[in-house]
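# Structural description and commentary
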Amino acid sequence: MQFIDLKKQYETLKETIDAAISKVLNGGDYIMGNDVAAIENELAKYCGVKHCITCANGTDALTISLKAARIKACDYIFVPNFTFFASAEVISEMGAKPIFVDIDEDTFNISPKSLIDQIEKLNSKGKQAKAVMTVDLFGQSCDYENIIKIAKKNNLLVIEDSAQGFGGSIKGRKNCSFGDISTTSFFPAKPLGCYGDGGAIFTDSDDYAELIKSLRVHGKGSDKYDNIRIGYNSRLDTIQASILMPKLKAFQEYELSERNKFADIYTKQLRAFVKTPIVPYGFESSWAQYTITLKSEAERQEVQTALKDKGIPSMIYYPRTMVQQTVYADYKYEGKDLEVSNGITNKVLSLPMHPYLKEEDIKTICEIIINTLASRP
Ligand SMILES: *Cc1c(COP(=O)(O)O)cnc(C)c1O
């Protein structure tokens, strides 16, 4: 069994994907060919956002977004303590200062209450942050109703890192539409992946869109060889854009619903035995990961070993929070400020999740988990 079965997906879509790649190879427009504009249109439409600008990967998408939002060295940005490293990395790389915020243990996403606490703490030192970077972790939207309210009240831009969230929604409103600027990643294992690196930036603002298009090509002006600012080289290859077309179609037609079908089976089978992920009313996740929480590290170890013995892969997302990373060892915080996120890293376990699973596979996985827990003293 595969944790994420990319080969199975390719076998299923092989004919259209091979044809798409072949068309690009024969066409010769390997950079910024027609397929790039075409997929940008489709992605913008799907997410319900005015502009989509693709780029080289999800990390660049964040960097370019921060630049477009005019984040500067020493600016403060709130970011969850429990996320993939890139979310915090891009902030620090610019010389800005991440302020780590705790998560809600039911959703793994940034806690509005903890965000308010951190805003108050910073303000009490006479300082004001510029933005909050939200992360739609494991495919699920953050609590945007509250987050956006808090952001407005405190004059914070919202940068939405939806690298894992593509396809998730709240009452039909899609992820990648909640931020002033939002981003996603097409890394192969993400909900919508390509066959290499890729990313995209979304915004309703014409001004940001202009700026982002310039930043992704060396800060170009209207004349490509007149550079009006310092930028990046960060484009999505035409071949990757062409691969995303049939993949987005499959994602809309059945992949997203299959992911949700399998997540529901996991939850029904497991919820009496372990803490299963909670999807708030009106939310739909795209299940980048299906992550359970065990009672202890020992319990997790036994479950993971039992699965491994039967040839079933599982992963720990994530073994360390941001403040538990060596590079942030000097970060100052009060223990209880980040206690949920710091306390969860030794209990979480992500199970196989992709649209080409079989119901029997999930039932087998659940049986092994349930039997392992039952046999514990
Ligand atoms: C994967 C990921 C990124 C980075 O995306 P890449 O395309 O790998 O650069 C950023 N943030 C989160 C939350 C991610 O999961």
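Details of the structure are given in the entry above.
Small disclaimer: the values here were computed from a predicted structure and weren't measured.

Another point: the pairing of strand 11 (residues 290–293). Neither face of strand 11 is exposed, since Y290 and I292 on one face and T291 and T293 on the opposite face are all buried. Here four bridges tie strand 11 to strand 12 (residues 348–351), and the two strands are oriented antiparallel to one another. Among the inter-strand pairings, T293 is bridged to a residue of strand 12, identified as V348.

Another aspect to go through is the packing of aromatic side chains. This model, assessed by the stated rule, comprises 20 aromatic pairs. With centroids separated by 6.3 Å and ring planes inclined at 85°, the aromatic side chains of F82 and F138 adopt a geometry described as edge-to-face. Pair noted here: F82 is in the loop between strand 2 (76–80) and helix 4 (86–93) and F138 is in the loop between strand 4 (131–135) and helix 6 (144–153), with a separation of 56 residues, a long-range link. With respect to burial, F82 and F138 carry one shared label: buried. Ring centres of F108 and F138 lie 5.2 Å apart, and the angle between their planes is 75°; this geometry places the pair in the edge-to-face category. Residue F108 is located in the loop between strand 3 (97–101) and helix 5 (112–124), and its partner F138 is located in the loop between strand 4 and helix 6; the two are separated by 30 residues in the primary sequence. Here F108 falls in the buried class, since its relative accessible area comes to 5%. A residue is classified by how much of its surface remains accessible, and F138, at 4% relative accessible area, is buried. Counting every residue linked through ring pairs, the aromatic cluster contains F3, F82, F84, F108, F138, Y317 and Y318. K190 extends its terminal NZ or CZ atom over the ring of F84, reaching a point 5.7 Å from the ring centre.

Looking now at the site of the ligand. Looking at the ligand, there are 14 residues lining it, with G58, T59, D161, S185 and K190 nearest. In the model, an oxygen atom of the ligand is placed 2.7 Å from a nitrogen or oxygen of the G58 main chain. Here Q164 contributes a side-chain N or O atom positioned 2.8 Å from an oxygen atom of the ligand. Burial of the ligand by the protein chains amounts to 93% of its free accessible area of 380 Å². For the shell around the ligand, the secondary structure elements donating two or more residues are helix 3 (58–68) and helix 4.

Spatially, 7-6-10 is the arrangement adopted by the three strands of the open sheet, whose pairing is antiparallel. The strands lining the two open edges of the sheet, one partner per strand, are strand 7 (173–174) and strand 10 (283–284). Relative to strand 7, strand 6 (residues 169–170) runs antiparallel, the two being bridged by two bridges. Directly across from S169, in strand 7, lies its bridge partner K174.

Another aspect to go through is the pairing of strand 5 (residues 157–161). Along strand 5, four of the five residues are buried, which leaves the element largely enclosed by surrounding structure. In this sheet, strand 5 lies alongside strand 4 in parallel orientation, the contact comprising five bridges. By the bridge assignment for strand 5, T134 is matched with E160. Taken together, strand 4, helix 6 and strand 5 form a β-α-β motif whose crossover is right-handed.

Another point: a nonpolar patch on the surface. A grouping of L25, Y30, I31 and M32 is seen on the molecular surface, where their side chains present a nonpolar patch of about 370 Å² in accessible area. Positionally, M32 belongs in the loop between helix 1 (6–27) and helix 2 (34–47).

Grouped together as the largest cluster of nonpolar side chains are 31 residues, with contacts concentrated most on L66, I91, F100, M133, I159, I181 and I212. For this core, the secondary structure elements donating two or more residues are strand 1 (51–55), helix 3, strand 2, helix 4, strand 4 and helix 7 (206–216). When sequence neighbours within four positions are dropped, the list of residues in contact with I212 reads I53, I64, A68, I181, I201 and T203. Listed in part, the 25 residues of the second largest apolar core include I362, C366, I368 and I370.

Summarising the element assignment, K174 is placed in strand 7. Of the side chains with opposite charge, E284 lies nearest to the buried K174, which makes no salt bridge, at 4.9 Å. Not counting residues up to four positions away in its chain, the partners in contact with K174 are Y46, C47, G167, G168, S169 and L256.

About the cut-offs
- Residues numbered from 1 in each chain as written.
- Predicted model: local features only at pLDDT ≥ 70, side-chain atom pairs only at ≥ 80, totals over all residues.
- Heavy atoms only, no water.
- Buried < 20%, exposed > 50% of the residue type's maximum accessible area, 1.4 Å probe, protein only.
- Helix = DSSP H or I, 4+ residues; strand = E, 2+ residues; numbered from the N terminus.
- Pairing = 2+ DSSP bridges.
- Phe/Tyr/Trp six-rings, centres within 6.5 Å; stacked < 30°, edge-to-face > 60°.
- Lys NZ or Arg CZ within 6 Å of the ring centre and 35° of its normal.
- Near = heavy atom within 4 Å.
- Polar contact = N/O pair within 3.5 Å; in protein donor to acceptor, adjacent residues only side chain to side chain.
- Areas by Shrake-Rupley, 256 points an atom, 1.4 Å probe, with all protein chains shown as cover.
- Right-handed = clockwise from strand over helix to strand, strands pointing away.
- Patch = residues over 30% accessible without salt bridge, like charges linked within 9 Å, V, L, I, M, F, W, Y side chains within 5 Å.
- Salt bridge = Lys/Arg side-chain N within 4 Å of Asp/Glu carboxyl O.
- Core = buried A, V, L, I, M, F, W, Y, C linked by side-chain atoms within 4.5 Å.
- Contact = heavy atoms within 4.5 Å.
- Lys, Arg positive; Asp, Glu negative; His and termini not counted.

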